[in-house]
Amino acid sequence: MVWLLILVPLLAAVGAAVTPSNRWRPLWVPVGGAAHLVVMGVALALRPSPALQGWLALDALGMLVLGFISLLFFLCALYAPAYLALRPDRPNRVFCACLLAMLAMMSLVSLSHHLGLMWVGMEATTLATAPLLYFNHNARSLEATWKYLLIGSVGIALALLGSFFLAYSSLHEGLESTLLLDDLVRSAQQLSRPWLHAAFVLLLVGYGTKMGLAPMHTWKPDAYGEAPGLAGALMAGGVTSCAFLAILRFYRIVVAAGEAAFAREILVFVGLLSMAVGAVFMIRQRDFKRMLAYSSVEHMGILVLGIGIGGLATFGALLHLVVNGLSKGVLFLSAGNIHRAYDSKLTDDVRGAIRRLPVSGALFLAGFLAITGSPPGGPFISEFTILCGVFNGAHYVVATLFLLLLATVFIGMGATVLRVVQGTPSAQAAATDYQDRPQLVVPIIILMTLVVMLGVWMPGPLASLLREAVVCVEGRP
Amino acid sequence: MHSLLDPILVLVLLLNFVVLGASRTRTIIPAVAMQGVLLGIMIVVVQSKVTSGVLAMAAVAVILKGVTIPRMLYHAIRDVVQRREVEPIVGFVTSLLLGAVGTALAVLFSKTLPIAHEHVGSLIVPAALSTVLTGFLLLTTRVKAITQVVGYLILENGVFIFGLLLVEAMPFLVELGVLLDLFVAIFVMGIIINKISQEFSTVSTRKLSALKE
């Protein structure tokens, strides 16, 4: 059963790779996405048993992350054929196959309970996303792809070293050395502390690079700036969530070893640093796609900050993973539409988007309001929950910085977004004859509806899944 | 068995210095290929019992790290005019000195970590850390794309050496996956290098500076 979650998108990727027609090939993407969503729905209901001697298992945390990724991928996949139809000049064989392969690899990461296998899946997501960045085949996208590939691979290599350190920490104590997550959690008390500490730092740096935490975020603005909006949405919502999941898996081991205090300090510091870096670079940002990348850096910071605070904030962080990913979908896809219409992503050229593209422009504005934590968007609830957790723990300095940085981001991001949507359309507005059409806006509207829905009403099953996932992270409710 | 291991590790360390001091791709790629072959041999040397699986694993490592990947690197720069690493960010002598400092630090650092009694006195941990640092040094101080890929490869070799401590914990499936990922990564990087040379008619990453704040 769990195998299907990996095999279905892989088969669809093969299908896309062998379909000769550039026009019909993109249909594999929604077909593969829909099939994955169906399998995921069945898996959520049935809770399948582990496969491959416990290497692949679907626990509550995996269900939360993969269920969300499956939904996000499906909605982005609905957008894909119409987007690719806008660019008939570009061969899309590699693009379609890599999108589906990326879904398969994200499933592998979410399912694997073996640290080595998880590493293999994580590196494979890097390799599957690199061709997505190079879709435009120009000098700028080449530069972005090179930086992404090299920085991502080096980060991932450090994560492998960290995984080895972790395995050695059990070997050193005369235990049978293992890379199975559940065994490591069970024997965590006996792990050698110096190796465990070194392993956690290396893993945080390694997977943090993939997640885009400051100061390892440097590939992110280039990659998200040059990638098609579709790829940006899936990377900012999907791949980063997988990297976060990997960090949570290791955090679980550290907590079980009784070293939570050590890890938490680092996580809070890195979280605040990422928020600060995101906030500073969003101020006076002229490129609205790079702005979204810095917003992603900021929100990755919020995620690890929430975990570092713990308790209620962990619940908030896991909810934030979902609502941030959905909001990023809204922002990247609508920004992609605006980019298409103006043939530019600089605020010097792009003005009056809400008149030029009433639907996409309005969605871009709505996405901005949601992601910066305005009610009634989902991020308002999740960020508020994290803040409550911070106050519960009496971390008043952290709370002050958190609020201050959120306010800075609101103002900085707001200035850029309002320049884009307000005013009379600039001369550049006539650059192309692109018009909003249902296939290109309905998926974004659905995403936005979900963001608002999670802000006003939390479905019961989701709430209980989140509570179970908190247990997976912290070992206790 | 283990008596063979330390001499091989010393050779690996020497090859690190060869790469750090070399200015020509013609010297660098064979050196890194040699390192790959040594890693493959080490897989056999560290095992207490040599099975057919171990031999197969070693063969895969030697072929990938010693033959296929170096060939891909050659292939990637085939069409590019062979030139010296004209102006590395840090000079070659300085790189060698930094490499020496890095190795010393690796030895000191590995002394602070507790080593299981069966590994006490072995060079594995310092050699692994020093090789990782060499990879970092190359990645950060060289501007040619191909040398950066070699840096990544050496960094991976360092991680691989550390993995020798865990031969029992690492199932072959995972080890194969790691090698396969490395192979595909270098393959994709090779394609990108080719595109860089077509786009900019050079493989220096100095041209890759359009994207910044």
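Residues numbered from 1 in each chain as written. Chains lettered and ligands numbered in written order. Predicted model: local features only at pLDDT ≥ 70, side-chain atom pairs only at ≥ 80, totals over all residues.

Caption draft 1: Representation of the overall build of chain A in the model. Helix and strand counts for chain A come out as 19 helices and zero strands. Taking 477 residues into account, the globule formula puts the C-alpha radius of gyration at 23 Å, and chain A, at 21 Å, falls close to it. Dimensions of chain A along its principal axes, counting C-alpha atoms only, are 70 × 55 × 45 Å. Taken across its 477 residues, chain A has 64% of its residues classed as buried. Looking at chain A alone, contacts between residues at least 24 apart form 80% of all its contacts between residues at least 6 apart. (Helix = DSSP H or I, 4+ residues; strand = E, 2+ residues; numbered from the N terminus. Rg over C-alpha atoms; globule rule 2.2 N^0.38 Å. Buried ≥ 20, exposed ≤ 12 C-beta atoms within 10 Å, placed from the backbone. Contact = placed C-beta atoms within 7 Å.)

Caption draft 2: Local environment of the overall build of chain B. Looking only at helices and strands, chain B features seven helices and zero strands. N-terminal to C-terminal, the α/β element order of chain B is α-α-α-α-α-α-α. In terms of overall dimensions, chain B is globule-like: its C-alpha atoms have a radius of gyration of 18 Å, near the 17 Å expected for 213 residues. A principal-axis box enclosing the C-alpha atoms of chain B has dimensions of 50 × 35 × 35 Å. The burial tally for chain B puts 45% of its 213 residues in the buried class. For chain B, contacts bridging at least 24 residues in sequence account for 73% of all contacts bridging at least 6.

Caption draft 3: Inspection of the interface of chain B and chain A at higher detail. Facing 33 residues of chain B, the contacting portion of chain A comprises 35 residues. Breaking the side of chain B that touches chain A down by element, the ones donating at least two residues are helix 5 (124-141), helix 6 (145-163) and helix 7 (172-200) of chain B. In terms of residue count, helix 7 of chain B provides more of the side of chain B that touches chain A than any other element does, twelve residues in total. Along the lines of polarity and charge, the residues of the side of chain B that touches chain A split into 24 nonpolar, three polar and six charged. (Nonpolar A, V, L, I, M, F, W, Y, C, P; charged D, E, K, R; others polar.)

Caption draft 4: Structural view of the packing of helix 13 (residues 312-342) of chain A against helix 18 (residues 438-456) of chain A. Residues and elements named next belong to chain A. Relative to each other, helix 13 and helix 18 sit at 150°, their axes nearing to 9 Å. Between helix 13 and helix 18, the interaxial angle falls into the category roughly antiparallel. Of the two elements, helix 13 crosses helix 18, and the hand of that crossing is left-handed. Contacts from Val323, Leu326, Ser327, Gly329, Val330, Leu333, Ser334 and Asn337 of helix 13 reach helix 18 at Leu440, Pro443, Ile444, Leu447, Met448, Leu450, Val451 and Leu454. Grouping the amino acids of the contact of helix 13 with helix 18 by side-chain chemistry returns twelve nonpolar, four polar and no charged. (Axes fitted to C-alpha atoms, helices over the stretch in contact; angles between N-to-C directions. Parallel < 35°, antiparallel > 145°, perpendicular 65-115°, else oblique. Left-handed = near helix turned anticlockwise from the far one by under 90°.)

Caption draft 5: Structural detail: helix 6 of chain B. With 19 residues, helix 6 of chain B should cover 27 Å at 1.5 Å per step; its first-to-last C-alpha distance of 27 Å lies within 8% of that length. Counting buried residues along helix 6 of chain B, 19 of its 19 residues qualify, which places the element largely inside the surrounding structure. (Expected span 1.5 Å × (residues − 1).)

Caption draft 6: How the structure looks around the packing of helix 3 (residues 60-86) of chain A against helix 10 (residues 229-256) of chain A. Residues and elements named next belong to chain A. Running from amino to carboxyl end, helix 3 crosses helix 10 at an angle of 170°, the nearest separation of the two axes being 9 Å. Taken together, the axes of helix 3 and helix 10 are roughly antiparallel relative to one another. For the pair helix 3 and helix 10, the sense of crossing is left-handed. Contacts from Leu61, Val65, Phe68, Ile69, Leu72, Phe73, Cys76, Tyr79, Ala80 and Tyr83 in helix 3 reach Leu230, Ala233, Leu234, Gly237, Gly238, Ser241, Leu245 and Leu248 in helix 10. Class assignment for the residues of the contact of helix 3 with helix 10 results in 15 nonpolar, three polar and no charged.

Caption draft 7: Representation of unusual backbone geometry within the structure. All names here are of chain A. For the bond from Ala214 to Pro215, the omega torsion is 0°, close enough to zero to count as cis. Relative to the helices and strands, Pro215 resides in the loop between helix 8 (193-211) and helix 9 (219-226). For the bond from Pro375 to Pro376, the omega torsion is 5°, close enough to zero to count as cis. Topologically, Pro376 is positioned in the loop between helix 15 (358-371) and helix 16 (378-392). Despite not being glycine, Gln53 shows a phi value in the positive range, around 55°.

Caption draft 8: Inspection of the environment of Ile146 of chain B at higher detail. Residues and elements named next belong to chain B. Residue placement: Ile146 occurs in helix 6. For the pair Ile146 and Gly163, spaced 17 residues apart in sequence, the C-alpha to C-alpha distance is 26 Å. Setting aside chain neighbours within four positions, we find Ile146 in contact with Thr25, Leu73, Ala76, Ile77, Ile193 and Val203.

Caption draft 9: Fine view of helix 19 (residues 460-474) of chain A. Residues and elements named next belong to chain A. Compared with the 21 Å implied by 1.5 Å per residue over 15 residues, the 21 Å span of helix 19 between its first and last C-alpha is a close match. Of the positions making up helix 19, those classed as buried are Leu466, Ala469, Val470 and Val473. Take helix 19 and look down its axis: the buried residues cluster within an arc of 110°, on one side only. Of the exposed residues in helix 19, the ones pointing more than 90 degrees away from its buried face are Gly460, Pro461 and Ser464. The secondary structure elements touched by the buried residues of helix 19 are helix 3, helix 10, helix 12 (288-309) and helix 13. (Arc of directions from axis to C-beta.)

Caption draft 10: Broad picture of the confidence of the model for chain B. Residue and element names in this part refer to chain B. The share of residues in chain B with pLDDT of 70 or more is 94%, and the mean pLDDT across the chain is 85. Mean pLDDT values for the elements of chain B range from 83 in helix 7 up to 93 in helix 5. For this predicted complex, the interface confidence comes out at an ipTM of 0.92, alongside a pTM of 0.95. (pLDDT = per-residue confidence, 0-100.)

Caption draft 11: Structural detail: the environment of Glu298 of chain A. Residues and elements named next belong to chain A. Take Glu298: it is sitting in helix 12. Under the C-beta neighbour-count criterion, Glu298 is labelled buried, with 31 such atoms within 10 Å. As for Glu298 and Phe410, which are separated by 112 residues in sequence, their C-alpha atoms are 11 Å apart. When sequence neighbours within four positions are dropped, the list of residues in contact with Glu298 reads Ser274, Met275, Gly278, Ala279 and Val409.

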